[in-house]
Amino acid sequence: MTSDLPAEHRALVLETIEDGFHVKKVPTPRPGLGNAIVRVEVAGVLSYHREIYNGGRGYEYPKPIVGGISAIGRIAALGPDATVLKHGQLVYIDCVIHARDDPDALFLTAIHEGLTEGSKKLIRDVWRDGYFAEYAKVPLENCYVLDEQRLCGSLDYTIQDLMYMCYLLVPYGGYRDIRLEPGETIIVCPATGGYGGAGVQVAIAMGVRVIAYGRNEKELARLKEHVLKGTPNASIETVKMTGDEMVDAAALKAFGTVDAVLDFSPPQASKSAHVKSAIWALRRGGRVSLMGWNEDPIVPTFIGKNISLKGKLMYEREDIVNFIKMLERGLFPRGKNFVDTKIYQLEDWKAALDSGAEHIGIGKYVVFTP
């Protein structure tokens, strides 16, 4: 009920990049048509949040702004047009906001203003603030009900650990986009980062054979150990990147038929040849999902082998619904075999953003508990 909402709440506010974040008391939003007010239980921290908010990535977003990405919380108040959501329900709050009259106008909450005038208008005037706060105003369609009894009861996940789905959803969107099927083989690269590691974990849950391809040999070994602890029968191989396009291609081909590739090249690896190595290893008719920053993935056999190449930003609404079903059916490991979560308060934002940049890779995540 609206009367239960406090007049003010605490939020992590960025007024200027130079001044950094400050925990401030801000007015608590009120419910209206098309939105819900959510009491935030846990908010995710990205590995590159520090770069976003110190200006390192050059992302555009309005200021002042409450920082954030996706979150999990409880419905505190609802607009009059809500038909399914109920007060007190545990919900996943997704960060990808679309214009209702133009689905192509989209932006990432408190991360990037998007590429259209419509998306810039929405983040500036309607859905500006992220979820590093005690309360948040959220579009109704961005609230996904979680079966708390199943997830936190029968399966014994903590709400903090469930926040790892913020990472896991992204590769799942790429897999759905290229129609990855159980029993197929996929190369995930680079596999040792946050999204690459999540891509390995999701593919294993889908019944896919994974070749994890990355530079850090020690992290590749940890990745394989983590997977096999949680899923002893998983089919997981690792290949170390050498920087030699054809040497790496031969190492990847040594594992037999490869059906697909998922790439999460970070900006600093935009000119790396590793995607070409992976594509050389593909079978005829193979598929590639590019979700990172690689600038030159084309190899001479691209056309002759009927390779499909698709770019993908995040995921679709249906992907989130299906992913939550996978989670609720118990297809992922539990406890530390799922994720090792580091938890911070809003006041410790510097330590949290530093930790987010360091505590990365498969089964690692950082969150705020406002």
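Scoring rules and cut-offs
Residues numbered from 1 in each chain as written. Predicted model: local features only at pLDDT ≥ 70, side-chain atom pairs only at ≥ 80, totals over all residues. Heavy atoms only, no water. Phe/Tyr/Trp six-rings, centres within 6.5 Å; stacked < 30°, edge-to-face > 60°. Helix = DSSP H or I, 4+ residues; strand = E, 2+ residues; numbered from the N terminus. Buried < 20%, exposed > 50% of the residue type's maximum accessible area, 1.4 Å probe, protein only. Lys NZ or Arg CZ within 6 Å of the ring centre and 35° of its normal. Polar contact = N/O pair within 3.5 Å; in protein donor to acceptor, adjacent residues only side chain to side chain. Contact = heavy atoms within 4.5 Å. Axes fitted to C-alpha atoms, helices over the stretch in contact; angles between N-to-C directions. Parallel < 35°, antiparallel > 145°, perpendicular 65-115°, else oblique. Left-handed = near helix turned anticlockwise from the far one by under 90°. Nonpolar A, V, L, I, M, F, W, Y, C, P; charged D, E, K, R; others polar. Pairing = 2+ DSSP bridges. Salt bridge = Lys/Arg side-chain N within 4 Å of Asp/Glu carboxyl O.

J.: Can you walk me through the packing of aromatic side chains in this structure?
T.: Two aromatic rings, taken as a pair, are described by how far apart their centres are and by the angle between their planes. The final tally for this structure, using the stated rule, is 15 aromatic pairs. Their ring planes at 80° and their centres at 5.5 Å tell us that Tyr164 and Phe338 sit as a pair that is edge-to-face. On the criterion of sequence distance, the pair formed by Tyr164 in the loop between helix 4 (159-162) and helix 5 (165-177) and Phe338 in the loop between helix 10 (317-328) and strand 17 (340-344) is long-range, its members being 174 residues apart. Accessibility expressed as a relative area gives 1% for Phe338, which makes it buried. Residues Tyr167 and Tyr195 carry aromatic rings whose centres are separated by 4.6 Å and whose planes lie at 80° to one another, so their mutual orientation is edge-to-face. With Tyr167 in helix 5 and Tyr195 in helix 6 (residues 194-205), this pair connects stretches of sequence that are 28 residues apart. Across the ring face of Tyr135, the terminal group of Arg39 is positioned such that the distance to the ring centre comes to 5.5 Å. Cation over ring: Lys137 sits above Trp127, and NZ or CZ is 5.0 Å from the ring centre.

J.: Help me understand the side chain of His274 in this model?
T.: Within the element layout of this structure, His274 appears in helix 9 (residues 274-280). The class of His274 is buried, set by a relative accessible area of 3%. One polar contact links His274 to Asp263, side chain to side chain, over a distance of 2.8 Å. What His274 contacts, discounting residues up to four positions off in sequence, is Cys189, Pro190, Tyr213, Arg215, Met241, Asp263, Ser265, Ala269 and Asn294.

J.: I keep staring at the packing of helix 5 against helix 6 and nothing clicks. Help me out?
T.: Think of two packed helices as two axes; the pair is described by the angle between the axes and how far apart they sit. Running from N to C, helix 5 and helix 6 point in directions that differ by 65°, and their axes come no closer than 8 Å. Considering the angle they form, helix 5 stands roughly perpendicular to helix 6. Once helix 5 is placed against helix 6, the crossing between them reads as right-handed. Across the interface between the two elements, Tyr167, Leu168, Val170, Pro171, Tyr172 and Tyr175 from helix 5 touch Gly194, Tyr195, Ala198, Gly199, Val200, Gln201, Val202 and Ala203 from helix 6. Of the residues contributing to the contact of helix 5 with helix 6, the split by class is 11 nonpolar, 3 polar and no charged.

J.: Honestly, the environment of Ile97 in this entry has me stumped. Any pointers?
T.: You can see Ile97 is positioned in strand 7 (residues 96-99). Considered as a pair, Ile97 and Leu108 are 11 residues apart in the sequence and their alpha carbons are 6.4 Å apart. Contact partners of Ile97, with chain neighbours within four places excluded, come to Ala105, Leu106, Phe107, Thr109, Trp127, Tyr131, Pro139 and Asn142.

J.: Even after reading the chapter, I still don't get the sheet that holds strand 4 (residues 65-66), so can you show me in this structure?
T.: Sheet strands associate in pairs through backbone hydrogen bonding, adopting either a parallel or an antiparallel arrangement. Overall, antiparallel pairing links the 3 strands, which are arranged 2-1-4 in an open sheet. The open sheet terminates on both sides in strands that have one partner only, identified here as strand 2 (21-27) and strand 4.

J.: Help me out: how do you make sense of the sheet that holds strand 11 (residues 185-189) in this one?
T.: Overall, parallel pairing links the 6 strands, which are arranged 13-12-11-14-15-16 in an open sheet. Single-partner strands in this sheet number two, and they are strand 13 (236-240) and strand 16 (308-311). The mean angle between the axes of side-by-side strands here comes to 20°, regardless of whether they run parallel or antiparallel. Pairing of strand 11 with strand 14 (residues 260-263) involves 4 bridges; the strand directions are parallel.

J.: Which parts of the structure should I look at to understand the environment of Trp280?
T.: Following the sequence through the fold, Trp280 ends up in helix 9. Ignoring sequence-local partners within four residues, the contact set of Trp280 consists of Glu245, Met246, Ala249, Lys253, Val299, Pro300, Thr301 and Lys305.

J.: What exactly am I supposed to notice about the pattern of salt bridges here?
T.: Opposite charge on two side chains permits them to pair, given that their charged atoms come into close proximity. Taken as a whole and judged by the stated rule, the model has 22 salt bridges. Between Arg10 and Glu347 there is a salt bridge, with the nearest N and O atoms lying 2.3 Å from each other. Here the residue Arg10 occupies a position in strand 1 (residues 8-14), and Glu347 occupies one in the loop between strand 17 and helix 11 (349-358), the gap between them amounting to 337 residues. For Lys310, the salt bridge identified is with Asp177, shortest N-O distance 3.2 Å. Of this pair, Lys310 sits in strand 16 while Asp177 sits in helix 5; the two residues are 133 residues apart in sequence, bridging distant segments of the chain. Classification of Lys310 by relative accessible area gives partly exposed; the value is 34%. Each member of the salt-bridge network shares a partner with another, and the members are Glu184, Asp259, Arg283 and Arg287.

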